[in-house]
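Examining the three-dimensional arrangement
Residues per chain are reported as follows:
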Amino acid sequence: MNALLVAEGDGETFVRQGPGAYLKAAREERGWDVTHIANAMHLDEDTVEALEADDFESLTSPVFVQGYLRKYARLVDTPSEPLLRAYRDLRPPDESEPRQNLRAAAGKPEMHSNHAFVRIVSFVVICLMLGLLFVWWQGHLQDAEPGFLERAMDRIGGEEAASPEDAEPLPPMPAGISGDDVVQPFIYHGEETADPARDEIETAEDLKPTPGEAQTVEQGGAGETQAEPEGAPAVTEAEASDQTTVAGAPQAVSEGEAAARSATAEDPYRVVFHFDRTSWVDVRDGNGRLLIVGEKGGGLSEQLTSGEPPFAVVLGRADAVRVEVNGAPFDLAPHSRKNVARFKLDQGALGLN
Amino acid sequence: MFLKRLRGIFSNDLSIDLGTANTLIYARGQGIVLDEPSVVAIRQDRGHGGARTVAAVGLEAKQMLGRTPANITAIRPLKEGVIADFTVTEKMLQHFIHKVHETRIIRPSPRVLVCVPCGSTQVERRAIKESAAGAGAREVYLIEEPMSAAIGAGLPVDEARGSMVLDIGGGTSEVAIISLNGIVYANSVRIGGDRFDEAIVSYVRRNYGTLIGDATAERIKKEIGSAYPGDEVKEIEVKGRNLAEGIPRSFTLNSNEILEALQEPLSGIVGAVKAALEQTPPELGADVAERGIVLTGGGALLRDLDRLIEEETGLPVLVAEDPLTCVARGGGRALELIDERGGEIFSVE
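Residues numbered from 1 in each chain as written. Chains lettered and ligands numbered in written order. Predicted model: local features only at pLDDT ≥ 70, side-chain atom pairs only at ≥ 80, totals over all residues. Heavy atoms only, no water.

With that out of the way, let us pick up the overall build of chain A. Scanning chain A for helices and strands turns up 13 helices and 13 strands. When each of the 353 residues of chain A is scored for burial, the buried share is 35%. The contacts in chain A between residues at least 6 apart in sequence include a share of 55% that link residues at least 24 apart. (Helix = DSSP H or I, 4+ residues; strand = E, 2+ residues; numbered from the N terminus. Buried < 20%, exposed > 50% of the residue type's maximum accessible area, 1.4 Å probe, protein only. Contact = heavy atoms within 4.5 Å.)

Shown next as structure tokens:
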């Protein structure tokens, strides 16, 4: 039997008995019988006797026993806390005790959210998630707005091309000079170019030069002039990429090459989209202007004749569309992904160089 | 959803006793982690249509009650156990949930069990659920307060024996007979600690011609309040505004006067208990008569309330250990039991 500590006045008395036995002694001291207590507590005499005998097993759950002890202690004018402490010492472990007590008994250290390891793990997880979110966002952006980045790049490129340095007329170069810093034999300007020289070029185009006509670019302080003297040299497309004809230095080329050049001069470029089946198409010029857009039914053909290159092209159903550039078929396979073709037709691809 | 689950890893399961007077939060594995008054101080910015911001919550806000300037209003967002101001309740819950979570790296998203009065309507329950969800809870369960109080008090609710519990809160008193993890009979009366305070204010105004505040009335109740005439008569000196003179005056009240003042709300509670006993099936009534009625809630701390009910019913009446926290503790235990045995063990929603 555990020791029961009961405070009495200023001193302390150790009573070697259970709480029930102590209460019984207090009752007997006052000359009360069990019935008196049972009536006062509205309990059966059996319950009071079991309480006094410390027979808690035969009584109901601990919450009631503690209540009885508290009430009994009040009746006999005794502090209830030491009695309740003694009862808890005697009581077998209760299953309904909070779970944390069991954890404490098991001695397992509990890891809280402020633990360093948890913080590090959470930080890593957050970084990982942010990274994934960024990757997803990038992909989503590209999927949602096809050609957005390309348009932005083209716009930047267009601005660079329109910079004053580029707009300045190039000084005349001696004949026969070729290389990277060549002067283009044929200069094409977009429709929006408000350059007086452009009008001259258009006028020259309207002339529809015949094959074999020479094309001359004269660059000087007066501006840019273009003349096509009879028998003037023509430049093949292959040569155009790395070789230039300079004003005053006509160069003779083969007859076949002249014919090819002639086709280009008639119409600077000719891009045709043949839609075998219904497909979605989006074609924008170098200024971001929409040239062809929307769903095109099967059997239709769309021709691209105006606008400033490079052209950003998106074909929603690549296998349903055939593209011809200057009469030659354009291979979409290298530019297709998930049956959506995205490509750019620059001056080189259009044969304008 | 995924983020909520992730945040849930770093959150503790909580049981919330969203009371009219006090809000208690029991965190699983930690015990009672918060016990604060359900009061929110709202600051209204100057100008017409100015923004409303939360100035203080809990204890700090309660100290402002009745002492605020024009631009601050200290309000109690719950009335009679149910939500009276949805937005403010949500803000208050949000504040408390954040307060009980130490970490600030990840916003907590705990599973929350909220105790609701058994007499609350579906609309009122829905409001509490939405409010807890709005405050950041990942999952919200509702449990009826008497069941939670019985579990918290340690009553053997799973046994095939009747257990009767009377939970006297700030706004409501709930009485229920429980057996086999279910409520056999439950009733809720809108009488609680607040009605006791109002009764004291009313008594003092009527008999002394003096107006006292709610906080003073609560202090009187706690210090000399009694439900049954005792041998000892206690006294307290209080100050209030004399209605005739319009200036503050001091006067003395004794416990017998307060007992007289509390007669009306006390008889309402006793009536509810008697009605419950009348409605209880005889077998369960016999169990209650044998073992007694258990009192929980802050109202159980009113001196000699157990004795009053005991005298009125002739049954043993016991006050549970730490009656103020029984509901919150019971909710925490219920959450554990739900995890162990599944959600169907209690009639949680």
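The next point concerns the overall build of chain B. In terms of regular secondary structure, chain B is built from 12 helices and 18 strands. Out of the 349 residues in chain B, the part that is buried amounts to 55%. Residue pairs at least 24 apart in sequence account for 61% of intrachain contacts in chain B once pairs closer than 6 positions are excluded. Of the roughly 14700 Å² of accessible surface on chain B, 48% is carried by carbon and sulfur atoms. (Areas by Shrake-Rupley, 256 points an atom, 1.4 Å probe, with all protein chains shown as cover.)

Quick look at the pairing of strand β15 (residues 235–242) of chain B now. Residue and element names in this part refer to chain B. Here 2 bridges tie strand β14 (residues 210–211) to β15, and the two strands are oriented antiparallel to one another. Following the sheet pairing, Thr 210 is matched in β15 by Asn 242. Where β15 and strand β16 (residues 248–254) come together, 7 bridges link them in antiparallel fashion. Bridged to Lys 239 within β16 is Ser 250. In this antiparallel pair of consecutive strands, β15 and β16, the connection spans 5 residues, and Gly 246 shows a positive phi of 80 degrees. (Pairing = 2+ DSSP bridges.)

Residues and elements named next belong to chain B. Listed in full, the buried residues belonging to helix α10 (residues 282–291) are Leu 284, Asp 287, Val 288 and Arg 291. Angular distribution of buried residues about the axis of α10 spans 95 degrees; they occupy a single face of the element. Just downstream of α10, Gly 292 is the residue with a positive phi angle, here 115 degrees. (Arc of directions from axis to C-beta.)

Residue and element names in this part refer to chain A. On the surface, Leu 130, Leu 133, Phe 134, Val 135, Trp 136 and Trp 137 cluster together into a nonpolar patch covering about 690 Å² of accessible area. Looking at the secondary structure, you find Val 135 in helix α7 (residues 116–144). A relative accessible area of 56% means that Val 135 is categorised as exposed. (Patch = residues over 30% accessible without salt bridge, like charges linked within 9 Å, V, L, I, M, F, W, Y side chains within 5 Å. Salt bridge = Lys/Arg side-chain N within 4 Å of Asp/Glu carboxyl O.)

Turning to the confidence of the model for chain A, a few remarks are in order. All names here are of chain A. This prediction gives chain A a mean pLDDT of 67; 52% of its residues lie at or above 70. The element-level mean pLDDT for chain A is lowest in helix α6 (residues 99–106), coming to 36, with helix α2 (residues 34–41) highest at 90. For residues 95–110, every residue scores under 50 in pLDDT, and the model assigns this stretch 14 contacts once sequence neighbours within four places are set aside. Under a pLDDT of 50 for its full length, residues 155–264 has, in the predicted model, 127 contacts with residues more than four places off or in other chains. (pLDDT = per-residue confidence, 0-100.)

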